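One-letter residues, chain by chain:
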Amino acid sequence: MQNDLRKHIGLALLRIAPSALMLSHGIPKFQSLISGEEIQFADPIGIGMAPSLFLTVIAEVVCPLLMIVGFKTRWAAIPAAITMAVAAFIVHGADPLQKKELALIYLIVFVAVSLLGPGKFSIDRK
């Protein structure tokens, strides 16, 4: 019983803390998206700056919010993980490890969340 509780607390921490931290990257991008100004954003996969920004906002704002409350957690972790893979391997592909380290850490966490699920302290488990 004690180990089960620790496991679920650990799963909650694994999904909530990184997701909350990811919002500090996503909210400025969301503000840029809705500002009405000309969009200046990287186009790492060749779909255009506006679509790239829109997809990044979904992955860095919407998906983390879903993971924080634990709703459709496994599904929400996938776009976030894909975005971090693009950031690490395409945007920062030629950069040294120190430059891509944060994206790699987020990638690992979001893949783990997708594989492990949200735990019992989530909307998914209610």
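Anything mentioned here points back to the structure above.
One structure accompanies this document, and this report is about it. What you see is a predicted model; the values in this text were computed from it and never measured. (Residues numbered from 1 in each chain as written. Predicted model: local features only at pLDDT ≥ 70, side-chain atom pairs only at ≥ 80, totals over all residues. Heavy atoms only, no water.)

As for the packing of aromatic side chains
Okay, step 1: Under the counting rule described, the total for this entry stands at one aromatic pair.
Okay, step 2: Between tyrosine 106 and phenylalanine 110, the ring centres sit 5.8 Å apart and the planes meet at 15°, which makes this aromatic pair stacked. Here phenylalanine 110 and tyrosine 106 lie together in helix 4 (residues 97-116), a separation of four residues that amounts to about one turn. Taken individually, tyrosine 106 and phenylalanine 110 each receive the classification buried, so the pair is uniform in this respect. (Phe/Tyr/Trp six-rings, centres within 6.5 Å; stacked < 30°, edge-to-face > 60°. Helix = DSSP H or I, 4+ residues; strand = E, 2+ residues; numbered from the N terminus. Buried < 20%, exposed > 50% of the residue type's maximum accessible area, 1.4 Å probe, protein only.)

Some details on the packing of helix 3 (residues 73-91) against helix 4
Okay, step 1: Between helix 3 and helix 4, the shortest axis-to-axis distance is 8 Å and the interhelical angle comes to 155°. Relative to helix 4, the element helix 3 lies roughly antiparallel. Note on packing geometry: the crossing formed by helix 3 with helix 4 is left-handed. Across from Thr73, Arg74, Ala77, Ile78, Ala80, Ala81, Met84, Ala85, Ala87, Ala88 and Phe89 in helix 3, the residues of helix 4 making contact are Lys100, Ala103, Leu104, Tyr106, Leu107, Phe110, Val111, Val113, Ser114, Leu115 and Leu116.
Okay, step 2: Taken together, the residues of the contact of helix 3 with helix 4 break down into 18 nonpolar, two polar and two charged. (Axes fitted to C-alpha atoms, helices over the stretch in contact; angles between N-to-C directions. Parallel < 35°, antiparallel > 145°, perpendicular 65-115°, else oblique. Left-handed = near helix turned anticlockwise from the far one by under 90°. Contact = heavy atoms within 4.5 Å. Nonpolar A, V, L, I, M, F, W, Y, C, P; charged D, E, K, R; others polar.)

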